[in-house]
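Close look at the chain arrangement
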Amino acid sequence: MAVHTDDRLVEHLAAWREAGRKAAVATVVSTWGSSPRPAGSMLIVDEEGQMQGSVSGGCIEGAVIREAQACMAGAPPKLLEFGVSNEQAWDVGLACGGRVQVYVEAVA
């Protein structure tokens, strides 16, 4: 039987937590337009910035990892929104257009 990507992410997350490593989960909650990952796509991050999974195919992962690390350091969970905008043009954006919302939270 094939192991699904989500199952592999859960296995990685469990192994990290078992080893005493902090971790966070980022989940795509909504998309609009040509977002490269559908709702439900997940990215897990450990305290060192190691990651598994994807929420955008590479467009926003760096920004999501920074927010995940902030959550692991005690910041509250956060709903992030990315898209094509003047405010995000020099920081991060979806090169393919569209919008994506990603919920980031630390794993207890």
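Note that this is a predicted model, so its numbers are computed, not measured.

Bringing the overall build of the chain into the picture now. Helix and strand counts for the chain stand at two helices and five strands. Ordered by position from the N terminus, the helices and strands of the chain form the series α-β-β-β-α-β-β. Across the 108 residues in the chain, those meeting the buried criterion constitute 34%. Across the chain, the fraction of contacts at a sequence separation of at least 24, relative to all contacts at a separation of at least 6, is 51%. About 6,200 Å² of surface is accessible on the chain, with carbon and sulfur atoms providing 53% of the total.

Before going further, it helps to spend a moment on the nonpolar core. The biggest cluster of nonpolar side chains holds 18 residues, and the ones touching the most others in it are Val55, Val64, Val102 and Val104. The set of elements that each furnish at least two residues to this core consists of strand E1 (23–32), strand E2 (42–46), helix H2 (61–72), strand E4 (78–83) and strand E5 (99–106). If you tally residues by element for this core, the top one is H2, at six residues. Those residues in contact with Val102, other than ones at most four positions away along the chain, are Ala26, Thr27, Val28, Val29, Val55, Ile60, Val64, Lys78, Leu79 and Leu80. Leu13, Trp16, Val25 and Ile44 belong to the second largest nonpolar core, which has six residues in total.

Time to look at the sheet that holds strand E3 (residues 51–53). Taken in spatial order, the five strands make up an open sheet running E3-E2-E1-E5-E4, and their pairing is antiparallel. The open sheet has two edge strands, E3 and E4, and neither has a second partner. The average angle at which neighbouring strand axes cross in this sheet is 20°, direction not considered. Across three bridges, E2 lies against E3 in antiparallel orientation. Of the residues in E3, the one forming a bridge with Val45 is Met51.

Together, Val29, Leu79 and Tyr103 give the surface a local cluster of nonpolar side chains, amounting to about 250 Å² of exposed area. Looking at where Tyr103 falls in the secondary structure, it is placed in strand E5. Assessed through its relative accessible area of 31%, Tyr103 is described here as partly exposed.

Turning to its location among the elements, Val28 is positioned in strand E1. Look at Val28 and you get buried, because its relative accessible area is 2%. Along the primary structure Val28 and Ser54 are separated by 26 residues, whereas in three dimensions their C-alpha atoms are 9.2 Å apart. Those residues in contact with Val28, other than ones at most four positions away along the chain, are Arg37, Pro38, Ala39, Gly40, Ser41, Val55, Val100, Gln101 and Val102.

In summary, the side chains of a regular strand alternate between the two faces of the sheet. In terms of strand pairing, E1 meets E5 through eight bridges, oriented antiparallel. Bridge pairing links Thr31 to Val100 in E5. Here six bridges tie E4 to E5, and the two strands are oriented antiparallel to one another. Each bridged residue has a counterpart across the sheet, and for Gly83 the counterpart in E5 is Arg99.

Criteria and thresholds
- Residue indices begin from 1 for each chain and proceed along its sequence in written order.
- Only residues with pLDDT of at least 70 get local features here, since the model is predicted, and only at 80 or more are side-chain atom pairs given and counted; chain-wide, interface and lining totals rely on the full set of residues.
- Side-chain metrics rest on all non-hydrogen atoms present in the structure, leaving aside hydrogens and water.
- The numbering of helices and of strands both runs from the N terminus, where a helix is a DSSP run of H or I of at least 4 residues and a strand a run of E of at least 2.
- Remark: exposure states derive from per-residue accessible area (1.4 Å probe, protein chains only) relative to the maximum for the residue type, with buried under 20%, exposed over 50%, and partly exposed in between.
- When checking whether two residues touch, look at their non-hydrogen atoms; a contact exists if any pair is within 4.5 Å.
- The Shrake-Rupley method, run with a 1.4 Å probe, gives the accessible areas here. Residue values count only the displayed protein chains as cover.
- By nonpolar core we mean a set of buried residues, namely Ala, Val, Leu, Ile, Met, Phe, Trp, Tyr and Cys, connected to one another through side-chain atoms within 4.5 Å.
- For two strands to pair, DSSP has to find at least two bridges joining them.
- As a rule, the C-alpha atoms of each element are fitted with a line to give its axis, helices using only the stretch in contact, and angles between N-to-C directions run from 0 to 180 degrees.
- Patch membership is restricted to residues that have no salt bridge and whose relative accessible area is over 30%. Joining uses 9 Å for like charges and 5 Å for the nonpolar side chains Val, Leu, Ile, Met, Phe, Trp and Tyr.
- A side-chain nitrogen of Lys or Arg and a carboxyl oxygen of Asp or Glu constitute a salt bridge if their distance falls within 4 Å.

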